[in-house]
Amino acid sequence: MKTNRRVFMMQIALGSSALAMASVAARAAVTKLDANDSYARSMGFVKNVKDVDTKKWARKYKVGQQCTKCQLWDGKETDAYASCSFFGDQHTPAAGWCKNFKAHGAA
Ligand code: SF4
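**Student:** Would you explain the overall build of the chain in this entry?
**Tutor:** Within the chain, the regular secondary structure consists of 2 helices and 3 strands. Within the span of the chain, comprising 107 residues, buried residues form 25% of the whole. Per element, the accessible surface of the chain, about 7,800 Å² overall, is 56% carbon and sulfur.

**Student:** Help me out: how do you make sense of the side chain of Q65 in this one?
**Tutor:** With respect to the secondary-structure elements, Q65 resides in the loop between α2 (38-42) and β1 (73-74). Engagement of the side chain of Q65 in a polar contact is seen with the side chain of W97, the distance being 2.9 Å. Ignoring sequence-local partners within four residues, the contact set of Q65 consists of V49, K60, W97 and F101.

**Student:** Would you take a moment to explain the packing of aromatic side chains for this structure?
**Tutor:** Two aromatic rings, taken as a pair, are described by how far apart their centres are and by the angle between their planes. Inspection of the entire model under this criterion finds 6 aromatic pairs. Geometrically, the ring pair formed by Y39 and F86 is stacked, given 6.2 Å between the ring centres and 15 degrees between the ring planes. Remark: F86 occurs in the loop between β2 (81-84) and β3 (90-93) and Y39 occurs in helix α2; sequence separation between them is 47 residues. Under the relative-accessibility criterion, F86 is labelled partly exposed at 29%. Ring pairs connect the aromatic residues Y39, F45, F86 and F87, which therefore count as one cluster.

**Student:** Just checking my understanding: could you explain the site of the ligand for this structure?
**Tutor:** If you check the shell around the ligand, you find C67, C70, L72, W73, C84, F86, F87, T92, C98 and F101 and nothing else. Among the detected pockets, the ligand sits in the largest cavity. Each residue belonging to the shell around the ligand can be placed in one class, and the counts come to 9 nonpolar, 1 polar and no charged.

**Student:** Looking at this structure, how should I read the pattern of salt bridges?
**Tutor:** Across all of its chains, the model carries 1 salt bridge by this definition. Here K76 makes a salt bridge to D79, at a shortest N to O gap of 3.9 Å. Judged by relative accessible area, which is 55%, K76 ranks as exposed.

About the criteria used
- Residues numbered from 1 in each chain as written.
- Predicted model: local features only at pLDDT ≥ 70, side-chain atom pairs only at ≥ 80, totals over all residues.
- Heavy atoms only, no water.
- Helix = DSSP H or I, 4+ residues; strand = E, 2+ residues; numbered from the N terminus.
- Buried < 20%, exposed > 50% of the residue type's maximum accessible area, 1.4 Å probe, protein only.
- Areas by Shrake-Rupley, 256 points an atom, 1.4 Å probe, with all protein chains shown as cover.
- Polar contact = N/O pair within 3.5 Å; in protein donor to acceptor, adjacent residues only side chain to side chain.
- Contact = heavy atoms within 4.5 Å.
- Phe/Tyr/Trp six-rings, centres within 6.5 Å; stacked < 30°, edge-to-face > 60°.
- Near = heavy atom within 4 Å.
- 1 Å grid on protein atoms, 1.4 Å probe; cavity = no way out; pocket = protein on both sides within 12 Å on 5 of 7 lines; lining within 4 Å.
- Sits in = over half its atoms within 2 Å of the grid points.
- Nonpolar A, V, L, I, M, F, W, Y, C, P; charged D, E, K, R; others polar.
- Salt bridge = Lys/Arg side-chain N within 4 Å of Asp/Glu carboxyl O.

Put into structure tokens, the structure is as follows:
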């Protein structure tokens, strides 16, 4: 009987470890925003700000804007990618841009 209890407890411990590892793996899975996604394209999203269509977005785009300088970007200046709350926390590149850019400190 004691052996069965020990085996049962070991199975629970192993199961918990497997669940914890699966949870870590799920959090580590990063979804990068697809620049070819139709919604992203309609927002003018580009992976690199040098590719902004400055004629089309002349009323929105200003030199110096990029994801790292946007309120909606949840990363540090040194991060290559970070989540963007506008795109449902999909990750956008540091040098990215879209028409929803909102400067830090802007209302
Ligand atoms: S909302 Fe900001 S962080 Fe998100 S893609 Fe546009 S410029 Fe980048």
